[in-house]
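Descriptive analysis of the structure
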Amino acid sequence: MSDIEIQKDENRGRTLDNAHWADVLVQAMPYFKMWVGKIVVVKYGGNAMLNDDLKAAVMKDLVLLNTIGVHVVLVHGGGPEINKMLERVGKESKFVNGLRYTDSETMEIVEMVLTGKLNKEIVGMLLQEGGQAVGLSGVDNGMLRARKIDKDGTDLGLVGEVTEVHPEIAESLLNRGFIPVISTVALGEQGDTNRYNINADTASAKIAVALKAEKFVQLTNVPGVLKDMNDPKSLITRIPMPTVPQLIENGTIAGGMIPKVECCMTALKGGVPRTHIIDGRVPHSLLIEMFSDRGIGTMIY
């Protein structure tokens, strides 16, 4: 694994004086120029959606990116909020192989929470920070089409996998300076009148491919891929795509990290040059990743 780099962070917690702040800004300038006019797709979920201070930091980051001319697309999930609403109406959450079983009643709640409550809440926060944002779901203009998942013959109800992405409405908004905020509810394929609950990680990767994004970032509640799961300092900062199968086989990439890495692989194979798994619990982690030499989290390339 000589081509995999382990993080060394000796300066965390240091208070910067004016000279260091100036150095930070000078270091960031080439990255500003690099990303202006480029599309960056950010999948937003995990603890960054639950903590008010972290939510505010993410919104500030997105508005800053948008203000300097980076074309930002935000794709969001909302599992914890869906769980709360199901609990409120007295309906048990049921999961099969990590995917939420979604009957017609659950689907109504999923759509209500994702496309109604959470989507508009995020749009409102972006507007409060001075940004321009428009809320969408995969249903709008048929942006996401899906078919029912058949997982080893197990019925998951109205859980779908994306088969088509029609990004024209998002492209139009980007060209007019808006941040599209997308919730992952999809239409069925032609002739299928159902709407489907879509995993936000996989949907965001496919949206990144369809938009020909330059960067795909997953904001999560872990530091990234760790060489030792019990040691946050063992963060692997860079992983070349050909080494991923080996890391899965030897157990370095395991559990819930596997689907996140697989989403990165989907984006990379579709032509997205850089993919990242970063810690949404770190304030302004998105800016650190995009505008510094040190970066943050794990890049799979």
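That block above? That's the structure.
These numbers were taken from a predicted model, which means no experiment stands behind them.

**Some details on the overall build of the protein chain**
Assigned secondary structure in the protein chain consists of 9 helices and 15 strands. By the compact-globule yardstick of 19 Å for 301 residues, the protein chain fits well, its C-alpha radius of gyration being 19 Å. Each of the three principal axes of the protein chain carries a C-alpha extent, and together these read 60 × 45 × 35 Å. Counting every position in the protein chain, which comprises 301 residues, the buried fraction comes to 48%. Carbon together with sulfur atoms contributes 51% to the accessible area of the protein chain, which is approximately 14,600 Å² in total.

**A look at the sheet that holds strand β8 (residues 154-165)**
Spatial ordering of the closed barrel is given by β7-β8-β11-β10, a layout of 4 strands whose pairing is mixed. Across the sheet, the mean angle separating the axes of adjacent strands is 65 degrees when strand polarity is ignored. The pairing of strand β10 (residues 185-188) with strand β11 (residues 195-198) spans 3 bridges and is classified as antiparallel. Residue pairing across strands places V185 opposite N197, the latter belonging to β11. The strands touched by helix α4 (residues 104-128) are β8, β10 and β11; relative to β11, the strand with the most contacts, the crossing angle is about 70 degrees. Lying on the sheet, helix α6 (residues 200-210) is in contact with β7 (144-151), β8 and β11; it crosses β8 at an angle near 15 degrees.

**Section: empty space enclosed by the protein**
Over the atoms rolls a probe the size of a water molecule, and its path tells where empty space is left. Within the structure shown, the criterion is met by 1 cavity of 30 Å³ or more. A volume near 30 Å³ is recorded for the largest cavity. Lining of the largest cavity is provided by V58, D61, L219, V282, H284, S285 and L286. Residue composition of the lining of the largest cavity, grouped by class: 4 nonpolar, 2 polar and 1 charged.

**Looking at the nonpolar core**
Among the nonpolar cores identified, the biggest contains 67 residues, and V41, V42, L62, I122 and L126 are the most heavily contacted of them. For this core, the element with the most residues is α4, which contributes 10 residues. V225, I239, L247 and M257 belong to the second-largest nonpolar core, a separate cluster that totals 13 residues.

**Quick notes on the packing of helix α3 (residues 79-88) against α4**
Between α3 and α4, the shortest axis-to-axis distance is 10 Å and the interhelical angle comes to 125 degrees. One way to sum up the angle between α3 and α4 is to call them oblique. Relative to α4, α3 is oriented so that their crossing is right-handed. Where α3 abuts α4, its residues E81, I82, M85 and L86 lie against T106, I109, V110, M112, V113, L114, K117 and L118. Taken together, the residues of the contact of α3 with α4 sort by class into 9 nonpolar, 1 polar and 2 charged.

**Observations regarding the side chain of N119**
Along the chain, N119 falls in helix α4. Residue class for N119 comes out buried when judged on its relative accessible area of 1%. Engagement of the side chain of N119 in a polar contact is seen with the backbone oxygen of L136, the distance being 3.2 Å. Apart from the residues lying within four places of it in its own chain, the contact partners of N119 are H76, V113, L114, G135, L136, V181, I182 and S183.

**Some remarks on α6**
Each α-helix winds once per 3.6 residues, and so residues spaced three or four apart point in a common direction. Every buried residue of α6 is accounted for by A200, D201, A203, S204, A205, I207 and A208. Immediately downstream of α6, the backbone of K212 shows phi near 55 degrees, a positive value.

What counts and how
- Residues numbered from 1 in each chain as written.
- Predicted model: local features only at pLDDT ≥ 70, side-chain atom pairs only at ≥ 80, totals over all residues.
- Heavy atoms only, no water.
- Helix = DSSP H or I, 4+ residues; strand = E, 2+ residues; numbered from the N terminus.
- Rg over C-alpha atoms; globule rule 2.2 N^0.38 Å.
- Buried < 20%, exposed > 50% of the residue type's maximum accessible area, 1.4 Å probe, protein only.
- Areas by Shrake-Rupley, 256 points an atom, 1.4 Å probe, with all protein chains shown as cover.
- Pairing = 2+ DSSP bridges.
- Axes fitted to C-alpha atoms, helices over the stretch in contact; angles between N-to-C directions.
- Contact = heavy atoms within 4.5 Å.
- 1 Å grid on protein atoms, 1.4 Å probe; cavity = no way out; pocket = protein on both sides within 12 Å on 5 of 7 lines; lining within 4 Å.
- Points joined across faces, edges and corners; volume = space filled by probe spheres on them.
- Nonpolar A, V, L, I, M, F, W, Y, C, P; charged D, E, K, R; others polar.
- Core = buried A, V, L, I, M, F, W, Y, C linked by side-chain atoms within 4.5 Å.
- Parallel < 35°, antiparallel > 145°, perpendicular 65-115°, else oblique.
- Left-handed = near helix turned anticlockwise from the far one by under 90°.
- Polar contact = N/O pair within 3.5 Å; in protein donor to acceptor, adjacent residues only side chain to side chain.

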